[in-house]
Amino acid sequence: MEPCIPTGGTAPESHFTARLLGAAPSSAGERVARAITTIALAAVYGLALGARDGGAALLSHAVGVPSAALAIAILGLPALYIVLSLSAAPVTLRQLVDAAAGAFAHAAMILAGLAPAVALFVTTSETATGALVAGVAGLGFGGAVGLRYFLLQLSGALRDATTQVKLVGVGATLVFSIFSVALASRVWVSTLSILGGVS
Amino acid sequence: MGRIGEVVRLLLRDPEEVARRCREGEGLREVTLTSLLLIAVGAAVFGTVLGSHRGDLQLLYSGIKLPLAILATLVVCGPAFHAIAATLHRPWPMRTVIGLVLASAARSSLVLLAVAPLLWLAIDLGISYHAAVILAALGYAVSGVLALGVLVRGLEATRGRLLTAAACALVFFAVGGQTAWSLRPYLGRPAQAEVPFVRDREGTFADAVVVTAQSAFGFYRTPAQDESRPHESVDPGSVAGDAPLSESEPMGTRRSRR
């Protein structure tokens, strides 16, 4: 699957951004480096959320934010691959994993970018509600960007498939999307004290 | 001075050219330095006008705080714009982001500079406190909208441009509102004995917008409403950090803090 996001143009791309958000790495070392970078970027957002309470909350939120992506990868991706394979969709496991890794990278990029803004809101909001809204908005936005990337990648892979395969693919992807949102919400509510989880 | 004048002219008449220079890194140093100068001057003038409502130390404090609020907004929004552009549209190098946000804020500061005399005249003619707050907020909002023009023009006409622009605008206004809110008061009330540099945190900017709009039309929260939400009450008069008004006190009446 080729990336469906346009790249290039008159402005030179950032090397870091191109490596993180560009085509899937070719070597295992680069894949690991990308995964670590993705987790670190998501953890930055967790640090921002934890800034309201400080102390141990910084660490618990830094761990909690990326853990949703790991849960989706472990619990959701294999199931999606099985359904797509049963319908003879032209998608390999590696392509699916690369699409998911790219989606997590996009989401983590957004989360890291929003971290200063969210830190501002959680530390300057008197009420827990204000901090909660800001935190959830950032998580939602990052998740939506990641999901959008994943769906674009899958739609590109299914472009030349038969109608029946496309229908099954769309259905499976829809269920996967709903499952991902629900699972991520469950993980975050359980692990992030700012959302009412374990403090 | 010639280069400064050229950048000012471009900011006002040709934001497309400013955006192009930021995107391609052409003359970025002149754009950046001139933008910083315009932010310092324009926002300081507007802030001083706001402070003239109360006078004394409020003049100085507001003249310092408003440029700080704008610069803080840029610092917080910069990483967000970089990330949004990278994931939704086309990656921008950080220097492009810095140039674009500074140029945007400079354009906004020029608008504040233009609005300042009108606001000063209104305050000098005795406009009520709440009306002054709304007028100032409107001026700040309009300057923000015009500032976004530079940022949006920095986006090339490719897929994802509208979504990127919308996302950047949302972040910009949310952060701009919250930073301005965090550094209040700007106007102050003449009857206020003390002039704090900043107030304690009270609610959020979004809460304040709702409450002030209600207050401007004579609708104040009852003590029962505040008691039911003991940690979330926002006093009608506290938008710019002034003494809270009682339920029966008519709009515009002053009361000093205890």
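Refer to the preceding data block for the structure.
The sections below set out a description of the structure shown in this document. The structure presented is a predicted model; accordingly, all values stated were derived computationally and were not measured.

Quick notes on the rules
The written sequence of each chain sets the order in which its residues are numbered from 1. Going through the entries in the order they are written, you letter the chains from A and number the ligands from 1. Only residues with pLDDT of 70 or above have their local features reported here, since the model is predicted, and side-chain atom pairs are shown and tallied only from 80 upward, although totals for entire chains, interfaces and linings are computed over all residues. The side-chain quantities take in all heavy atoms of the structure and omit both hydrogens and water. By definition, any uninterrupted DSSP run of H or I lasting at least four residues is a helix, any uninterrupted run of E lasting at least two residues is a strand, and each is numbered from the N terminus. The cut-offs for exposure are 20% and 50% of the maximum accessible area for each residue type, with area from a 1.4 Å probe on protein chains only; residues under the lower value are buried, those over the upper are exposed, and the others partly exposed. Throughout, a residue-residue contact means that at least one pair of heavy atoms, one from each residue, lies within 4.5 Å. Accessible areas in this description were obtained via Shrake-Rupley with a 1.4 Å probe; residue shielding takes into account the shown protein chains only. Surface patches are drawn from residues lacking salt bridges whose relative accessible area is over 30%; two like charges belong together within 9 Å, two nonpolar side chains (Val, Leu, Ile, Met, Phe, Trp, Tyr) within 5 Å. Salt bridges, as used here, are contacts in which a Lys or Arg side-chain nitrogen is within 4 Å of a carboxyl oxygen on Asp or Glu. Stacked, tilted and edge-to-face are the three classes assigned to paired rings of Phe, Tyr and Trp, where Trp is represented by its six-membered ring and a pair needs centres within 6.5 Å; plane angles under 30 degrees give stacked, over 60 edge-to-face, the rest tilted. By this rule, a helix spans an expected 1.5 Å times one less than how many residues it contains. Only the contacting stretch of a helix is used when fitting its axis, a line to C-alpha atoms as for every element, and angles between N-to-C directions run 0 to 180 degrees. Should the near helix be turned counterclockwise from the far one by less than a right angle, the crossing is left-handed, whereas a clockwise turn marks it as right-handed. Note on residue categories: nonpolar means Ala, Val, Leu, Ile, Met, Phe, Trp, Tyr, Cys or Pro, charged means Asp, Glu, Lys or Arg, and polar means any other residue, Gly included.

Below, the discussion takes up the overall build of chain B. Helix and strand counts for chain B stand at 9 helices and 0 strands. Counting helices and strands in the order they occur from the N terminus, chain B gives α-α-α-α-α-α-α-α-α. Every one of the 258 residues in chain B was classed for burial, and the buried ones make up 53%. Across chain B, contacts joining residues at least 24 apart in sequence account for 76% of those joining residues at least 6 apart. Carbon and sulfur atoms provide 65% of the accessible area of chain B, an area that totals close to 11200 Å².

Here we take up a nonpolar patch on the surface. On the surface, Leu57(B), Leu60(B), Ile64(B), Leu68(B), Phe197(B) and Val198(B) cluster together into a nonpolar patch covering about 490 Å² of accessible area. Here Leu68(B) shows up in helix H4 (residues 57-89).

As a further point, take the packing of aromatic side chains. As enumerated under the stated definition, the model contains 3 aromatic pairs over all chains in all. Measuring from ring centre to ring centre gives 5.2 Å for Phe150(A) and Phe176(A), while their planes differ by 35°; the resulting arrangement is tilted. Placement of Phe150(A) in helix H6 (residues 128-157) and of Phe176(A) in helix H7 (residues 163-191) is noted, with a sequence separation of 26 residues between them. Per residue, the accessibility class of Phe150(A) equals that of Phe176(A), and both read buried. When the ring of Phe172(B) is compared with that of Phe173(B), the centres are 5.6 Å apart and the planes differ by 75°; the resulting orientation is edge-to-face.

Right, let's get into H4(B). With 33 residues, H4(B) extends 46 Å from end C-alpha to end C-alpha; this agrees with the ideal 48 Å at 1.5 Å per step. Along H4(B), 24 of the 33 residues are buried, which leaves the element largely enclosed by surrounding structure.

Residues and elements named next belong to chain B. On inspection of all chains with the given rule, the structure shows 9 salt bridges over all chains. Of the charged contacts, one joins Glu30 and Arg3 as a salt bridge, the two residues approaching to 3.1 Å between their closest N and O atoms. Residue Glu30 is found in helix H3 (residues 28-51), and its partner Arg3 is found in helix H1 (residues 2-13); the two are separated by 27 residues along the sequence. Taking the relative accessible area as the measure of exposure, Arg3 reaches 59% and is therefore exposed. The residue Glu17 makes a salt bridge to Arg20 at a minimum N-O spacing of 2.7 Å. Of the two residues, Glu17 and Arg20 are both situated in helix H2 (residues 15-24); the distance of 3 residues between them amounts to about one turn of the helix. Among the residues examined, Glu17 registers a relative accessible area of 18% and is labelled buried.

All names here are of chain B. At a closest axis distance of 10 Å, the pairing of H4 and helix H5 (residues 94-124) adopts a crossing angle of 145°. Between H4 and H5 lies a crossing whose hand is right-handed. The residues of H5 that touch H4, namely those facing Leu66, Ile70, Leu74, Gly78, Phe81 and His82, are Met94, Val97, Val101, Leu102, Ala105, Ser109 and Leu112. Among the residues forming the contact of H4 with H5, the class breakdown is 10 nonpolar, 3 polar and no charged.

What follows covers the environment of Ala165(B). All names here are of chain B. Tracing the chain through its elements places Ala165 in helix H7 (residues 161-182). The class for Ala165 is buried, based on a relative accessible area of 14%. It is 30 Å that separates the C-alpha atoms of Ala165 and Leu119, two residues lying 46 residues apart in sequence.

Limitation: the analysis is restricted to geometry and does not speak to function.
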